[in-house]
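# Remarks on the overall topology
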Amino acid sequence: MNPELVVASRHVSRVIGRTPEEVYEFAVNPANLPRWAAGLANSPVTIDGDRLIAESPMGQVTVRFVPHNDLGVLDHDVTLPSGTVVNNPVRVLSHPNGAEILFTVRQIELSDEEFERDLATVADDLTRLAEVLEAQSS
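The structure contained in this document is the topic of the report that follows.

## A word on the sheet that holds strand S8 (residues 98-106)
Read across the sheet, three strands follow the order S1-S8-S7 without closing on themselves; strand pairing throughout is antiparallel. Since the sheet does not close on itself, it has two edges, and those belong to strand S1 (9-16) and strand S7 (90-95), each with one partner. Ignoring which end each strand starts from, the neighbouring axes of this sheet average 25° apart. Where S7 meets S8, six bridges bridge the pair, whose relative direction is antiparallel. Across the sheet, Ser-94 pairs through a bridge with Ala-99, a residue of S8. Along the sheet face, helix H1 (residues 20-28) touches S1, S7 and S8 and points at about 160° away from the line of S7. Sitting on the sheet, helix H3 (residues 112-135) is in contact with S1 and S8, with an inclination near 15° to S1.

Next up, the structure:
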């Protein structure tokens with residue numbers, strides 16, 4: 001760990017009117033990423049072993065999710081076109097109104113303005129996820 005590198009973190013969350021299991025299963029499916037995660041995948045993803053290769057607004061990225069689990073953990077590492085790997089902690093939590101998805105955004109290789117834009121993109125993605133899931137019949 002580089003003590004000179006200061007990395008800011010902020011949490012973005014969204015309540016979704018579906019069960020945590022439904023949110024997790026939809027979000028973890030690589031085929032669904034272009035439907036809700038435009039900040040990460042703006043076209044169908046290619047699966048290569050445990051890696052997902054996606055065309056993103058940043059260029060081609062590689063994504064590795066933690067193994068499928070019953071805990072609602074959707075953590076994933078994104079390898080940027082620069083080669084930098086960004087770890088993205090994501091949790092699907094139980095909420096009185098269904099589920100809450102909580103995404104930790106880190107300011108790595110981003111100016112303050114780019115970080116704010118990244119936060120807004122994640123918020124938009126989580127809103128899109130809620131809209132897609134809430135539009136589906138139970």
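## Brief notes about H3
The end-to-end C-alpha distance of H3 is 35 Å, a good match for the 34 Å that 24 residues give at a rise of 1.5 Å each. Residues Phe-115, Leu-119, Val-122, Asp-125, Leu-126, Leu-129, Ala-130, Val-132 and Leu-133 constitute the buried set of H3. Against the buried residues of H3 lie S1, H1, helix H2 (33-36) and S8.

## Comments concerning the pattern of salt bridges
As enumerated under the stated definition, the model contains seven salt bridges in all. Measuring nitrogen to oxygen at the nearest pair gives 2.4 Å for the salt bridge that ties Arg-51 to Asp-48. By relative accessible area, which is 37% here, Asp-48 ends up partly exposed. Note that Arg-128 is salt-bridged to Asp-125, the shortest N-O span being 2.8 Å. Of the two residues, Arg-128 and Asp-125 both sit in helix H3, three residues apart, roughly one turn of that helix. Residue classification places Asp-125 among the buried positions, given a relative accessible area of 7%.

Analysis parameters
Residues numbered from 1 in each chain as written. Predicted model: local features only at pLDDT ≥ 70, side-chain atom pairs only at ≥ 80, totals over all residues. Heavy atoms only, no water. Pairing = 2+ DSSP bridges. Helix = DSSP H or I, 4+ residues; strand = E, 2+ residues; numbered from the N terminus. Axes fitted to C-alpha atoms, helices over the stretch in contact; angles between N-to-C directions. Contact = heavy atoms within 4.5 Å. Expected span 1.5 Å × (residues − 1). Buried < 20%, exposed > 50% of the residue type's maximum accessible area, 1.4 Å probe, protein only. Salt bridge = Lys/Arg side-chain N within 4 Å of Asp/Glu carboxyl O.

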